[in-house]
Amino acid sequence: MPNRPRIAIAGSLNMDLAVSMQRMPRQGETVKGEQFHAVPGGKGANQALACARLGADAALIGAVGNDAFGSMLKEQMDANNVRSDAVAIIQDVPTGIAAILHADRDNSIVIVEGANGRCTPGWIKRNAELIRQAQVLLVQLEIPLESVREALQIARDSGVLTVLNPAPYVELPDDLLRLANYITPNETEFECLTGAVYGTEEELEAGMRQWRMGGPTLLVTRGGKGVSFLKDGSLHTVKAPQVEVVDTTGAGDCFNGAFCVAIASGLDLAEAVAFGVKAASLSVTKFGAQAGMPALEEVHAR
Ligand code: RIB
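Definitions and cut-offs
- Residues numbered from 1 in each chain as written.
- Predicted model: local features only at pLDDT ≥ 70, side-chain atom pairs only at ≥ 80, totals over all residues.
- Heavy atoms only, no water.
- 1 Å grid on protein atoms, 1.4 Å probe; cavity = no way out; pocket = protein on both sides within 12 Å on 5 of 7 lines; lining within 4 Å.
- Points joined across faces, edges and corners; volume = space filled by probe spheres on them.
- Helix = DSSP H or I, 4+ residues; strand = E, 2+ residues; numbered from the N terminus.
- Axes fitted to C-alpha atoms, helices over the stretch in contact; angles between N-to-C directions.
- Left-handed = near helix turned anticlockwise from the far one by under 90°.
- Contact = heavy atoms within 4.5 Å.
- Nonpolar A, V, L, I, M, F, W, Y, C, P; charged D, E, K, R; others polar.

## Things to note about the layout of surface pockets
In this structure, the largest pocket occupies an estimated 1200 Å³ of space. Lining the largest pocket are 46 residues, and of these Asn186, Gly223, Thr248, Ala251 and Gly252 sit closest to its centre. For the lining of the largest pocket, the elements supplying multiple residues, two or more each, are strand S2 (14-21), helix H1 (43-53), strand S7 (96-103), strand S8 (106-112), helix H7 (187-194), helix H9 (251-264) and helix H10 (269-283). With six residues, the single largest contributor to the lining of the largest pocket is S8.

Listed below in structure tokens is the structure:
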């Protein structure tokens, strides 16, 4: 990477409460878990940490509660060179949490937003300078939608590139979508965005072609299959390398962070996607959303 990329991330911080088990319980069933871990997470924090590990100057705008989880999450950001001055500590609400069931190389997640819900448009505005100073703004959907819009608007008004990771999916108004230069749904989120189901590669290609021609550049993240985008009107997929998967939590966040670092460093679309895919494939080889975020040297060595 030629220069030190500057990325602003507006998003969530959660304590991930993760239970590993042999298989997911069916509705109404109790199964025995094997392990329990409380580890730092939240899409905003994961993405910020991914950027910082890859050598970027990463600044996170968000909010935690005034409690033990909140302190641990802020410390984790500081220890990993993520600028956390714009992570507010809110008095009367707990830090956000994610309850994660982890089985069979996959997971299911329930989030309780807590203080993430207090990352308001006003707080984003107060920290607008961090966005204006960045080359790329990265946002997801675990803070209020109006705050996401505010961050995107500030970025667009200042010529900062914007990446919208529409996760977890909520319906997105057109005017908000227009503020994004890039949008990075996974396959399920893309189906929600378009209201269609894609059973084959051909159907996915047709769906991607039809979706908002002239809108944000679309990158569909596809887990172990890699990441797809349109190149000269045809579906192009950067395949994920085969790795020993330990935990997929945060793999999408790693891709998003790495992609932002790459475009801020001047790589073209295909190169930036390839860089993101490599980074994400390394991230799944360790347990925990943040523990597996690779350093720049590890990605180059792959
Ligand atoms: O993308 C993974 C993240 O989603 C987890 O860290 C969890 O906190 C949820 O926000």
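## Overview of the packing of H9 against H10
The interhelical angle for the contact between H9 and H10, taken along N-to-C directions, is 145°, at an axis separation of 8 Å. Once H9 is placed against H10, the crossing between them reads as right-handed. On H10, the residues that touch Ala251, Cys254, Phe255, Ala258, Phe259, Ala262 and Ile263 of H9 are Leu269, Ala272, Val273, Phe275, Gly276, Val277, Ala279, Ala280 and Ser283. Classifying every residue of the contact of H9 with H10 by side-chain character gives 14 nonpolar, two polar and no charged.

## Some remarks on unusual backbone geometry
Residue Pro168 is bonded to the preceding Ala167 through a cis peptide linkage, with omega at -10°. With respect to the element layout, Pro168 can be found in the loop between strand S10 (161-164) and helix H6 (174-177). Notably, Asp232 is not glycine yet its phi reads approximately 50°, a positive angle. Structurally, Asp232 can be placed in the loop between strand S13 (227-231) and strand S14 (234-238).

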